[in-house]
Structure formats: C-alpha cells, structure tokens
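Okay, here's what each chain looks like letter by letter:
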Amino acid sequence: MDKPCIAAIVAMDEGRVIGRDGALPWHLPEDLRHFRELTSGHIVVMGRKTWDSLPPKFRPLPGRLNVVVSRNAAALDLPEGVLRAQSPQEAIEQACGAAKPGQRVWVIGGAEIYKATLPLCDEVHLTVVSGRHEGDAWLPDFEEGFALASEAPGESCTFRTFVRA
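Predicted, not measured: the structure shown is a model, and the values here were computed from it.

Asks: Talk me through the overall build of the chain; I want residue IDs and the actual numbers.
Replies: Scanning the chain for helices and strands turns up four helices and 10 strands. The order of α-helices and β-strands along the chain, N terminus first, is β-β-α-β-α-β-β-α-β-α-β-β-β-β. Taken over the C-alpha trace, the chain has a radius of gyration of 15 Å; the compact-globule value for 165 residues is 15 Å, and the two agree within 12%. The principal-axis extents of the C-alpha atoms in the chain amount to approximately 40 × 35 × 25 Å. Residues counted as buried form 44% of the 165 residues belonging to the chain. For the chain, the exposed area adds up to about 8,800 Å²; of that, 51% sits on carbon and sulfur atoms.

Have a look at this one:
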C-alpha cells in the first residue's frame, strides 16, 4: 500500500507566532472552517498541549482519528479510540499504519511536533494571519525544500499551500 500524504496544517502571523499560553493568539472563523474542511475524514497528529487546548466538546476532534503525542503517554487519560504515541515519529508511524486509502495524515501542532515532523511532510498548508501577535510558540523555518503551490486571499489572512520540491 502506498504511504498516505503527510501534511502539516498551521496558522502563523507575520512574525511566525503560532501560539500563546497554550492557545491561538487570534480567533479567525474562516481559518477554523478551512482547518475543518481539510482535516475532516482524515487522521490528525498533535502534541499533548494541543490536545489540552482543544475545547472539551471538540475533544477528540470529530470525524477524524486523533493521535496524541506525549513523552508520558501511559499517564495521558484519553478517550477510547484516540491513539497515543511517545514520540512524533511513533505518532506518524501509527497514523500511516491506520490510514485507509485516500486518507491523509495531518500534523496539527504544536511547535515541537512541527519541528519534529516537518522533515517528514509532503505538504504544508499555511494560513498567514495579518499582523504580529504576542506569543510563546513559533513555527520553525520549513520553506527550504518546499515550493509554493497555491495562494488564496482570505478576509484577514492568506492561505498558502507548499509542496515538497
């Protein structure tokens, strides 16, 4: 079986900020819709802090197999059906192993998970949020080795898709 496409999906501001105090530093309904449209029906890989940042009513993210990475995965209390992994690499292996034909593996954060998995990604779906925001988590540089495949304007952001060059 062919390996599924591994793609990262992330929103960052013009200073590469992606998070603040375990949450997004902005609220953009158009980006949340974009996220839901792309990831629904697929597999999402996230770190424990990203899992914790999800509103409880959206945990696990509905319509998606959720894989959560934690160094202490055994101590992580996850609902049935949510996979746990001790490393980003293990999470990607589990997600790829669980993928059905046509399913993608989406890496959804946070910063440490992106840092570990961007070298494995085939695509990066990047929302660039206008302006600069205070933050404590940043997206690592990934652009080298990728080519901009598409760009579409939003109301307060720009949606860009990069593919492995």
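Asks: I'd like to hear about the packing of aromatic side chains, residue by residue, with values.
Replies: One pass over the full model with this rule turns up two aromatic pairs. Judged by centre distance (5.6 Å) and plane angle (80°), the rings of F142 and F146 are edge-to-face. Looking at F146, the relative accessible area reads 10%, which means it is buried. Geometrically, the ring pair formed by F142 and F162 is edge-to-face, given 5.2 Å between the ring centres and 85° between the ring planes. Taken together, the positions of F142 in the loop between strand 8 (137–138) and strand 9 (146–153) and F162 in strand 10 (residues 157–164) put the pair 20 residues apart, joining distant regions of the chain. The same class applies to F142 as to F162, namely buried. Aromatic rings pair up to connect F142, F146 and F162 into one cluster.

Asks: Could you give me a rundown of the sheet that holds strand 4 (residues 65–69), with the residues and numbers involved?
Replies: Strands sit in the order 5-4-3-6-1-7-10-9 across an open sheet of eight strands; the sheet is mixed. Each edge of the open sheet carries a strand with a single partner, namely strand 5 (83–85) and strand 9. Averaged over all adjacent pairs, the angle separating strand axes in this sheet is 25°, with direction ignored. In terms of strand pairing, strand 1 (residues 6–13) meets strand 7 (residues 123–129) through seven bridges, oriented parallel. Bridge pairing in strand 7 places A11 opposite T127.

Asks: Go over the pairing of strand 7 with me, naming the residues and quoting the values.
Replies: Among the seven residues in strand 7, seven count as buried, and that is most of the element. Where burial is concerned, the two faces of strand 7 agree: the one with E123, H125, T127 and V129 and the one with V124, L126 and V128 are both buried. With seven bridges connecting them, strand 7 and strand 10 associate as antiparallel partners. Note on strand 10: the bridge partner recorded for L126 is R160.

Asks: I'd like to hear about the environment of K3, residue by residue, with values.
Replies: You can see K3 is positioned in the segment before strand 1. C-alpha of K3 to C-alpha of V163: the two residues are 160 residues apart in sequence and 16 Å apart in space. One polar contact links K3 to D122, side chain to side chain, over a distance of 3.1 Å.

Asks: Could you give an account of the environment of R160, with specific residues and numbers?
Replies: Relative to the helices and strands, R160 is located in strand 10. Given a relative accessible area of 27%, R160 falls into the partly exposed group. Contact partners of R160, with chain neighbours within four places excluded, come to V124, H125, L126, V128, L148, S150 and E151. In this structure the side chain of R160 is engaged in a polar contact, spanning 2.5 Å, whose partner is the side chain of E151.

Calculation notes
Residues numbered from 1 in each chain as written. Predicted model: local features only at pLDDT ≥ 70, side-chain atom pairs only at ≥ 80, totals over all residues. Heavy atoms only, no water. Helix = DSSP H or I, 4+ residues; strand = E, 2+ residues; numbered from the N terminus. Rg over C-alpha atoms; globule rule 2.2 N^0.38 Å. Buried < 20%, exposed > 50% of the residue type's maximum accessible area, 1.4 Å probe, protein only. Areas by Shrake-Rupley, 256 points an atom, 1.4 Å probe, with all protein chains shown as cover. Phe/Tyr/Trp six-rings, centres within 6.5 Å; stacked < 30°, edge-to-face > 60°. Pairing = 2+ DSSP bridges. Axes fitted to C-alpha atoms, helices over the stretch in contact; angles between N-to-C directions. Polar contact = N/O pair within 3.5 Å; in protein donor to acceptor, adjacent residues only side chain to side chain. Contact = heavy atoms within 4.5 Å.

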